[in-house]
Amino acid sequence: MMRESTIQTIADACLTARHVVVVTGAGLSAESGLSTFRGPREALWSRYDPMRLATPEAFEQDPALVTRWYDWRRQAGLQARPNAGHLALVCLERIVTASGVGFTLLTQNVDRLHHRAGSVNVYELHGSIHEWRCTVTGQSFEPPPQPFQEFPPRSPFDPRGRLRPAVVWFGEPLPAEVLRVAAEAMESCDVFFSIGTSSVVYPAAGFAEQVIARGGLTIEVNPNETPISGRVNHAARESSGSWLPRLIAHISL
Ligand code: OAD
């Protein structure tokens, strides 16, 4: 467990920083009951083949299977509630911005739990499972919470169109505006947190290295080792739901 004095050092750095940047991954939502992608046997990519579910080719080949799977995950997301980790990040944003420090939350999660918790300056690198897009017109909307009745769902925008989740699949570009915000954030970031991500999917996996190169303070929160663990200044081998509230306790003391 990370020493209280180390957490105090990190807390102090947050209050005197220019820009605190946080990148989150599926591990942060694990304590809300949502599956991670990699790791234990129940992880999504241990049970399902990403090439059959999370690529444009998969959608072309079997749109019913793909949309059914994403609607199942959408339902799970709707039933989940933000956990102590999400709520602590809301506090972190409020406290540092009140001190005039910039704060940007970049999430790889598509579950919208950061928004539901109350985070404000949050950007979804991989889109959202709660938005669906017409294959013909490209228009997107948030469908009602009930499961879809047919797969693939019919588009309300064009009779020839079908709906697909507005998430980023393997082989697809990330949203340009989000990439721009992320690039800007990384340029001014001097305190960086990597939380609940395996740090193997780019571009998020490369963010820590950019901050290290510029001499910023880097912190990882993850019960397991990742490719960046040996590179960051501090690695908390703890769950985000327990470590982040400890950080907040030190900041507000
Ligand atoms: P992963 O499933 O790859 O990694 C989750 C990480 O969370 C692992 O390193 C776990 O050790 C850690 N973890 C588990 N429980 C935790 C807890 N309670 N607190 C903190 N950490 C915990 O998820 P991501 O890194 O988010 O992309 O995956 C990145 C991308 O790969 C996803 O956005 C998704 C996936 O393929 C697409 O679908 C395009």
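Structure shown above.
Residues numbered from 1 in each chain as written. Predicted model: local features only at pLDDT ≥ 70, side-chain atom pairs only at ≥ 80, totals over all residues. Heavy atoms only, no water.

Just to check I follow, could you spell out the packing of aromatic side chains for this structure?
The geometry of an aromatic ring pair is captured by the separation of the ring centres together with the interplanar angle, meaning the angle of the planes. Taken as a whole, this structure holds twelve aromatic pairs when the rule is applied. Plain terms: the ring middles of Trp 69 and Tyr 70 are 5.0 Å apart, the flat faces sit at 90° to each other, and that makes the pair edge-to-face. In this pair, the class of Trp 69 matches that of Tyr 70, namely buried. Where Phe 193 meets Trp 243, the ring centres are 6.3 Å apart and the plane angle is 55°; that geometry is what we call tilted. Pair noted here: Phe 193 is in strand β7 (residues 191-195) and Trp 243 is in helix α11 (residues 240-251), with a separation of 50 residues, a long-range link. A relative accessible area of 0% means that Trp 243 is categorised as buried. Members of the aromatic cluster, joined through ring pairs, are Phe 37, Trp 45, Tyr 48, Phe 59, Trp 69, Tyr 70, Trp 72, Trp 169 and Phe 170. In this structure, Arg 164 is placed above the aromatic ring of Trp 169, and the distance from its NZ or CZ to the ring centre is 3.8 Å. (Phe/Tyr/Trp six-rings, centres within 6.5 Å; stacked < 30°, edge-to-face > 60°. Buried < 20%, exposed > 50% of the residue type's maximum accessible area, 1.4 Å probe, protein only. Helix = DSSP H or I, 4+ residues; strand = E, 2+ residues; numbered from the N terminus. Lys NZ or Arg CZ within 6 Å of the ring centre and 35° of its normal.)

Got a minute to help me understand the nonpolar core in this structure?
Considering soluble globular proteins, one finds that nonpolar side chains tend to be buried as a cluster. One finds Val 20, Val 22, Leu 92, Val 191, Phe 193, Trp 243 and Leu 247 to be the most contacted residues of the largest nonpolar core, which totals 30 residues. Secondary-structure elements contributing two or more residues to this core are α1 (4-16), β1 (19-24), α7 (84-98), β2 (102-107), β7, β8 (217-221) and α11. Excluding residues that lie within four positions of it along the chain, Leu 247 makes contacts with Ile 7, Ile 10, Ala 11, Leu 92 and Phe 193. (Core = buried A, V, L, I, M, F, W, Y, C linked by side-chain atoms within 4.5 Å. Contact = heavy atoms within 4.5 Å.)

Honestly, the site of the ligand in this entry has me stumped. Any pointers?
The immediate surroundings of the ligand are formed by 22 residues, with Phe 37, Arg 38, Thr 197, Ser 198 and Asn 222 found nearest. Here an oxygen atom of the ligand sits 2.6 Å away from a polar atom, N or O, in the main chain of Phe 37. Take Arg 38: an N or O atom from its side chain is 2.6 Å from an oxygen atom of the ligand. Burial of the ligand by the protein chains amounts to 91% of its free accessible area of 800 Å². Lining the shell around the ligand are residues from two domains, each supplying at least three of them: domain 1 (1-33 + 82-126 + 173-253) and domain 2 (35-79 + 133-167). (Near = heavy atom within 4 Å. Polar contact = N/O pair within 3.5 Å; in protein donor to acceptor, adjacent residues only side chain to side chain. Areas by Shrake-Rupley, 256 points an atom, 1.4 Å probe, with all protein chains shown as cover. Domains from an automatic or database assignment.)

Explain empty space enclosed by the protein here, please?
Empty pockets left among the atoms are what a rolling probe the size of a water molecule brings to light. Counting across every chain of the model gives two cavities of 30 Å³ or more. Volume-wise, the largest cavity comes out at about 40 Å³. Along the walls of the largest cavity sit Val 23, Phe 192, Ser 194, Thr 197, Ser 199, Ala 204, Ala 205, Ala 208 and Ile 228, which together make up its complete lining. Of all the elements in the fold, those that place two or more residues in the lining of the largest cavity are β7 and α10 (204-213). Per element, the largest residue contribution to the lining of the largest cavity is three residues, and it comes from α10. When grouped by side-chain class, the residues that make up the lining of the largest cavity number six nonpolar, three polar and no charged. As a volume, the second largest cavity reaches approximately 30 Å³. Forming the boundary of the second largest cavity are Thr 107, Asn 109, Asp 111, Arg 112, Leu 113, His 114, His 115 and Glu 124. The element contributing the most residues to the lining of the second largest cavity is helix α8 (residues 113-117), with three residues. Grouping the constituent residues of the lining of the second largest cavity by class yields one nonpolar, four polar and three charged. (1 Å grid on protein atoms, 1.4 Å probe; cavity = no way out; pocket = protein on both sides within 12 Å on 5 of 7 lines; lining within 4 Å. Points joined across faces, edges and corners; volume = space filled by probe spheres on them. Nonpolar A, V, L, I, M, F, W, Y, C, P; charged D, E, K, R; others polar.)

It is not clear to me how the sheet that holds strand β4 (residues 127-134) should be interpreted in this structure. Could you clarify?
Pairing is antiparallel in the open sheet, where three strands are placed in the order β5-β4-β6. Unpaired on one side and paired on the other, β5 (140-141) and β6 (163-167) mark the two borders of the sheet. When β4 meets β6, the two strands line up antiparallel, connected through five bridges. Within β6, the residue paired with Trp 132 across the bridge is Pro 165. Strands in contact with helix α6 (residues 63-79) are β4 and β6; relative to β4, the strand with the most contacts, it is inclined by about 135°. (Pairing = 2+ DSSP bridges. Axes fitted to C-alpha atoms, helices over the stretch in contact; angles between N-to-C directions.)

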